[in-house]
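The residues making up each chain are set out below.
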Amino acid sequence: MTRIRALFLIVLVALPALFFGLGRRALWNPVEPRYAGICAEILEHHSWLVPTYNRHSYDQKPALFFWLGATALSLADEASSRLFLVRLPSALGGLLLVLGTWAIAHDLLDKKRALLAALLAMTCWISFWSSRFCHLDTLFAASFTWALYFARKAVVGAGGSERIRTILLLTLSLCIGLMLKGPGVFAFILATLVVFSLMERNVQTIRKSGILWAIPAAFMVAALWFVPAWINTGNDWAKSLFYDAGVMHLFDPTNKAKHGVTYYPTVLIVLLAPWSFFGPALFLSLWRRRREAFLGNVSAFKFVLAWCIGIIIVLYTGTTYRSRYLIPLVAPFAILMAEFLSHEFKPKRKRSRLSVIGTLMVVTLLCSLGLSFAFPQLMSSQLTNRSWADFFAAVAALSWAPKVCGAVIAGASLLASFFMFRSRFRTAFAAMVFSIVLAFCTWAYYGAPAIDACRGDAKLIAAIRSNLDDHTRLVAVQGYAKRESTEGYFFFELGRHLECVLEDAASLDCLRDGEPCLLLLRQRDLDRIGDEAFLGWQEVGAEGLGHHNIRIFRNSGKTVEGER
C-alpha cells in the first residue's frame, strides 16, 4: 500500500472515530467550560494578546490553544456549531497524533505495520475521549510525538540541508508544545532522549538530535508572544504563567502526591482499552525476541522503550496526577502493539495459546468498551446527584437507532472472535476496528446526549435565558460562582459574565432591593444560608435544575423587561 492510500485510509477511519457527533453533548467539567469560556471571551473582548477568564488575564496556560478555539468559534454562531467548533482543535490534535504515530512507525517498522499502528492509536479509548474534549492535552501529545519523530530523524538522518530542515521542524514542534502547555514539553522529550542515549551507551545522541539548538530557538519564537504579553500584564502574570503554572504546578515538592504509585498503571489499562488486554502477552513476546523485534532493528526497539520510560519518569516526578497526562504514551504503545500483533497473528502461523487468549479478549470487547466509557466519567463527575437508573432510563427513551447500533457492534465483535479463532487475523482485526469505531459513534451521538438529559443543564440554561435580558444582572452566591468552571460555562452558553456575591443575608438584602437580577445558587447553599434570607425573592421554577440542583431567584420588586 502506497503512502497516499495509507493516509487516505487513516483519514477515512478518523473522520467518524474522532469527529462524528463532536457537538452533540454539552460542556462537561472539569476543564471544558473554562477553556470554552476563555475562547468565547477572546472573541467578545478582543483579548487576543493575553486571553482572559472572567475579565482577568488568564495565567495558567499559554495562548495558542485559546487562539485556535476562538478562531474556530468565529466561524459560526449556532449553539450546536459552537460546541463542535470549540472542540475542533482537540479533534485535529487527535488526527495529528495518529498521523505522527504512523510517521514514526513507518520509519521504525514498515508500511503495513505503520498502518496497523495508526489504526490501533486511533481506536484506543483515550484517543477517542481526549479528541472530543475541549482541552489542550491532545494537541500537546501530538506536538510531542512529532518532536520525537524529527529528533530521531536528525539522529539517523543525513547532514546538510536535510538536517537543517529537520531541526527547523523539530523547533516548530517544540514551539507549539511550549505555546500549548509551557516548558513541560522539554521535560518529556529530554527525559526520552536521555534514557535512549543511556540505552545506546552513546552520549552523543542528544547532540545529534539537534535538541540543543531547537530548545533555545523554540524559546526565542515563543518570546515573540510572551514578551509583549509580559509588558502588557506585568511581572505577576509572567511569573505565574512561566514558573507557578509551568513548573511548580507539576513539580512542587510541597504538594503532596494525590495518588499512589499504582495510579498510572491502573488507569493506563482503561485508557488503552480494548487493546490493553493484550498487554501481558505483548510484553512477554517482545522480551523473548527483543533482538529480533522491530525487524531486527534493536536501536528502534530501544527508542520506543525509552519513549515509554521517559514519560513515566516525568509523570512520577510530578505530583499533579491526571489520567490525560498519559496521552503521549498512545503512540509508543500502538507501535509496540502493532509489532506484536503482526508477529503473533501473521498468516499461516499455527494457532497458539496467544490466539486463544486473543479470542477471549475479543469476545469481551463490548464489556471492555462499556467499562472504559462509563467508569472514568459517568458516576464520578458527569452524573452528580443522579443515578445509573436515570441514565438507563434516558437511554431507553432514545429511538431504535442506538439499539440497532448495539446489535451490530455485538455481531461484529462475535464475527471478529470467529475469524480470530480460525486464524484469519486480518479479517478479525478489521471487524474489531469496525465495531470500536461504531461504538465511538454510537456513544457520541446517543450515549453522551443521554447523560446530558440526566444532568438537565439544558433546562437550566433555558430557564435562565427565558428570564434574562440586557437590563438584568446574572448573579451567583460565592459557593457556586467560585467553582472552577462555572463562569466559563455561563459565558459560553449565554454570553454573560457571572457576578459573585457573598453568602450572607446582608448582601442578599442589597440585591433584593437593587436593580433587576437573577440569582443562582445550589440547593446546598440555600440550606446553609437559610430560607429566611430569601424573603421577598421570587423563585423561577419549582425544582433544582442542572446536575448541581441550581435554584433560580429573581428580585420580586423588579420586573424583567419583556417578561410576559
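In what follows, the structure referred to is the one given above.
Since this is a predicted model, take the numbers as computed values, not measurements. (Residues numbered from 1 in each chain as written. Predicted model: local features only at pLDDT ≥ 70, side-chain atom pairs only at ≥ 80, totals over all residues. Heavy atoms only, no water.)

## Structural notes on the overall build of the chain
Keep this limit in mind: Working definition: helices are DSSP H or I runs of at least four residues, strands are E runs of at least two. Numbering for both runs from the N terminus. For every residue, the accessible area (1.4 Å probe, protein chains only) is compared with the maximum for its type, and the residue is labelled buried under 20%, exposed over 50%, or partly exposed between those bounds. By definition in these notes, contact holds between two residues if any of their heavy atoms fall within 4.5 Å. Per-residue and other accessible areas follow the Shrake-Rupley method at a 1.4 Å probe size, with only the shown protein chains counted as cover for residues.
Summing up its helical and strand segments, the chain has 26 helices and seven strands in all. Counting only residues that meet the buried cut, the chain has 55% of its 564 residues in that class. In the chain, once contacts between residues fewer than 6 apart in sequence are set aside, the share between residues at least 24 apart is 78%. Accessible surface computed for the chain: about 24,900 Å², of which carbon and sulfur atoms make up 63%.

## Comments concerning helix α16 (residues 330-344)
How we decide: Multiply 1.5 Å by the residue count of a helix minus one, and that product is the helix's expected span.
The first and last C-alpha atoms of α16 sit 21 Å apart over 15 residues, in line with the 21 Å expected at 1.5 Å per residue. Where burial is concerned, most of α16 is hidden: 14 out of the 15 residues are buried.

## Section: the pairing of strand β7 (residues 550-555)
Heads up, the rule is: At least two DSSP bridges between two strands are needed for those strands to be called paired.
In terms of burial, β7 is a largely internal element, six of the six residues being buried. The sheet contact formed by strand β5 (residues 517-522) and β7 spans five bridges and is antiparallel. Each residue of the ladder has a partner; that of L521, found in β7, is R551.

## Re the nonpolar core
Inclusion rule: The nonpolar core is taken to be a set of buried Ala, Val, Leu, Ile, Met, Phe, Trp, Tyr and Cys residues, with the residues joined through side-chain atoms within 4.5 Å.
L174 and F490 are the most contacted members of the largest nonpolar core, which totals 182 residues. In terms of residues, this core owes the most to one element, helix α4 (residues 79-108), which gives 14 residues. Residues contacting F490, with those up to four places away along its chain left out, are L460, I461, I464, L474, Y480, G495, R496, L498 and L520.

## Comments concerning the sheet that holds β7
The line we're drawing: Here an angle of 0 to 180 degrees is reported between the N-to-C directions of two axes, which are lines fitted to C-alpha atoms, with helices fitted over the stretch in contact.
In space, the five strands of this open sheet follow the order β4-β3-β5-β7-β6, with mixed pairing throughout. Here the strands that pair on one side only, and so sit at the sheet edges, are β4 (499-501) and β6 (537-539). Mean inter-strand twist for the sheet, computed between neighbouring axes without regard to direction, equals 35 degrees. Pairing between strand β3 (residues 473-477) and β4: three bridges, direction parallel. Paired with V477 across the strands is V501, a residue of β4. The sheet contacts of helix α22 (residues 457-466) involve β3, β5 and β7, and relative to β7 the element is tilted by about 5 degrees.

## Points about helix α24 (residues 486-494)
The element α24 is largely enclosed, with a buried count of eight among its nine residues. Those residues of α24 that fall on the buried side of the exposure criterion are T486, E487, G488, Y489, F490, F491, F492 and L494. Of the residues flanking the end of α24, it is G495, one or two places downstream, whose phi is positive at about 70 degrees.

## Side note on the packing of helix α7 (residues 137-156) against helix α9 (residues 184-200)
Condition: Comment on the angle field: the value is read as roughly parallel under 35 degrees, roughly antiparallel over 145, roughly perpendicular from 65 to 115, and oblique elsewhere. Helix crossings are classified by the rotation of the near helix relative to the far one: an anticlockwise turn of less than a right angle makes the crossing left-handed, while a clockwise turn makes it right-handed. Each residue is assigned to one of three groups, with Ala, Val, Leu, Ile, Met, Phe, Trp, Tyr, Cys and Pro labelled nonpolar, Asp, Glu, Lys and Arg labelled charged, and all others, Gly among them, labelled polar.
Remark: α7 packs on α9, axes separated minimally by 11 Å, with the N-to-C direction vectors making an angle of 40 degrees. It follows from the interaxial angle that α7 and α9 lie oblique. Here α7 runs over α9; the crossing is right-handed. Side by side, α7 and α9 meet where F140, F144, A147, L148 and A151 of the first sit next to G184, V185, F188, I189, T192 and L193 of the second. Here the contact of α7 with α9 is built from residues that sort into nine nonpolar, two polar and no charged.

## Side note on unusual backbone geometry
With a phi angle near 55 degrees, N54 is a residue other than glycine that sits in the positive phi range. Within the secondary structure, N54 sits in the loop between β1 (52-53) and β2 (56-57). Positive phi, normally seen in glycine, also occurs at R55, with a value near 65 degrees. Mapped onto the elements of the fold, R55 is located in the loop between β1 and β2.

## Quick look at the pattern of salt bridges
Heads up, the rule is: Here, a salt bridge means any side-chain nitrogen of Lys or Arg that lies within 4 Å of a carboxyl oxygen of Asp or Glu.
Inspection of the entire model under this criterion finds 15 salt bridges. Notably, a salt bridge pairs R25 with E32, separated by 2.7 Å at the nearest N-O pair. Look at E32 and you get buried, because its relative accessible area is 0%. Across the pair E32 and R87 runs a salt bridge whose closest N-O atoms are separated by 2.6 Å. With E32 in helix α2 (residues 32-45) and R87 in helix α4, this pair connects stretches of sequence that are 55 residues apart. Each member of the pair E32 and R87 is classed as buried.

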